[in-house]
Amino acid sequence: MLIAADKFKGSLTAVEVAEHVTAGLRRVVPGLDVAAVPVADGGDGTTAAALAAGFTRHEARVTGPTGEPVMATFALREDGTAVVEMAEASGLQHLPKGVFAPLTATTYGTGELLLAALDAGATSIVFGVGGSATTDGGAGMLAALGARFLDADGAPVGPGGGGLRELATADLSGLDPRLAGTDIVLASDVDNPLTGPKGAPAVYGPQKGASPEDVAVLDAALAHFAEVLERAAGPKAAEHALAPGAGAAGGIGYGALVGLDAAFRPGIDVMLDVLGFAPALARATFVITGEGSLDEQTLHGKAPAGVAAAARAAGIEVVAVCGRLQLPQEALAAAGIRRAYALTDLESDPARCMAEAGPLLERAAESLARDFLV
């Protein structure tokens with residue numbers, strides 16, 4: 001039995017999900033052989049999944065999205081592979097008292113976290129992006145790594161996407177030289193371009209407190225950023241603005257593609273490789289996946305869909321556990337998931353469901369075991 005589930009956001013980590021599912025299964029089938037590979041799709045929880053897979057924890061004090069210092073964690077393996085999660089440095093959870101800063105939030109701390117990984121010996125970096133508080137196109141990140149973004153007077157532009165309105169010149173020549181020899185993979189579960197109706201400001205800006213007026217400002221500022229970068233870095237800067245993943249995490253995907261020469265891959269595909277999912281799957285006869293909410297987003301690059309696709313290709317049956325289920329049975333079947341067990345079927349009150357997620361998940365796992373294992 002292989003448990004390969006993502007976190008239940010706000011209630012259980014991916015590791016805790018696996019622990020509770022295991023406990024429930026073994027109440028029905030004592031001694032059941034269970035293996036766990038906690039998974040993530042590049043967003044928040046990615047570093048935790050890497051640490052659960054045996055990576056070593058490293059910490060660095062970096063600049064938070066509004067300028068205050070925060071402690072951020074990255075994961076490093078002996079072979080030089082690092083997992084760096086931008087939300088650790090520039091995520092929504094670091095906004096003081098939850099007050100949004102849509103025009104000024106910066107990814108500078110993410111650049112500092114990448115530097116810390118390089119200093120620790122990283123030679124390849126899985127750069128997971130998602131859960132950001134920022135919409136600065138990765139300008140802050142690149143500035144921390146040595147790039148210069150100046151206004152017409154030759155002074156550094158202000159932080160955040162709003163500051164890019166004043167951008168006159170960009171200079172990437174000062175980027176840390178170690179980056180050129182580092183293999184960087186941009187791991188994301190979104191494939192939006194940088195700007196436009198499906199771009200970072202329009203689609204994700206409102207989640208970060210951006211008003212319609214702010215969205216318009218940010219969209220124009222990021223378009224201007226791309227124009228200035230085209231003068232500094234050549235035609236590839238314009239091409240990357242339209243590329244899948246450029247709009248990830250407030251456009252930090254764009255900064256990674258242009259400035260770090262990163263390669264974009266769907267986050268779950270990258271993480272399954274890094275976390276050793278394939279060897280675990282080869283030993284399994286049944287797979288349990290899941291996440292907090294199984295919904296339409298799940299079908300577009302989220303962890304359960306990636307796990308189910310890999311298991312189905314191997315001819316292994318998959319069921320899911322979740323906090324709430326918002327997909328019809330036909331959609332589950334099309335994704336390769338035989339059945340889903342939702343905590344809301346056991347407890348209808350959402351607040352209690354979140355607070356008691358662990359015990360409820362064990363009950364759901366007991367039902368799963370009775371339905372499939374006895």
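Quick caveat, the model's predicted, so the values are computed rather than measured.

> Would you mind going over the overall build of the protein chain with me for this structure?
In terms of regular secondary structure, the protein chain is built from 16 helices and 13 strands. For the protein chain, whose C-alpha radius of gyration is 21 Å, the value lies close to the compact-globule estimate of 21 Å for 374 residues. Across the 374 residues of the protein chain, 57% fall into the buried class. Put simply, of all contacts in the protein chain between residues at least 6 apart along the chain, 71% involve residues at least 24 apart. The average position of the 25 basic charges and that of the 44 acidic charges among the side chains of the protein chain differ by 5 Å.

> Can you walk me through the sheet that holds strand S5 (residues 81-85) in this structure?
Across a sheet, paired strands are connected by hydrogen bonds in the backbone, their directions being either parallel or antiparallel. Spatially, 6 strands are ordered S3-S4-S5-S6-S9-S10 in an open sheet, and the strand pairing comes out mixed. One side of each edge strand has no neighbouring strand; the edge strands of this open sheet are strand S3 (56-63) and strand S10 (263-266). When the angles between neighbouring strand axes are averaged without regard to direction, this sheet yields 30 degrees. As defined by bridge partners, strand S9 (residues 183-188) adjoins S10 across 4 bridges and the pair is classed as parallel. Across the sheet, the residue bridging to Val185 is Ala263, located in S10. The strands touched by helix H10 (residues 248-259) are strand S6 (124-128), S9 and S10; relative to S9, the strand with the most contacts, the crossing angle is about 155 degrees. Here helix H11 (residues 267-274) sits on the sheet and contacts S5, S6, S9 and S10; the angle it forms with S10, its principal contact strand, is near 85 degrees.

> Where do I start with the pattern of salt bridges in this structure?
Opposite charge on two side chains permits pairing when their charged atoms draw close. Under the defined criterion, the tally for this structure stands at 16 salt bridges. The salt bridge partner of Arg178 is Asp176, with a shortest N-O separation of 3.0 Å. Residue Arg178 is classed as partly exposed on the basis of its relative accessible area, which comes to 35%. The closest approach of N and O atoms between Glu366 and Arg370, which form a salt bridge, is 3.8 Å.

Reading the values: rules and limits
- Residues numbered from 1 in each chain as written.
- Predicted model: local features only at pLDDT ≥ 70, side-chain atom pairs only at ≥ 80, totals over all residues.
- Heavy atoms only, no water.
- Helix = DSSP H or I, 4+ residues; strand = E, 2+ residues; numbered from the N terminus.
- Rg over C-alpha atoms; globule rule 2.2 N^0.38 Å.
- Buried < 20%, exposed > 50% of the residue type's maximum accessible area, 1.4 Å probe, protein only.
- Contact = heavy atoms within 4.5 Å.
- Lys, Arg positive; Asp, Glu negative; His and termini not counted.
- Charge placed at Lys NZ, Arg CZ, Asp CG, Glu CD.
- Pairing = 2+ DSSP bridges.
- Axes fitted to C-alpha atoms, helices over the stretch in contact; angles between N-to-C directions.
- Salt bridge = Lys/Arg side-chain N within 4 Å of Asp/Glu carboxyl O.

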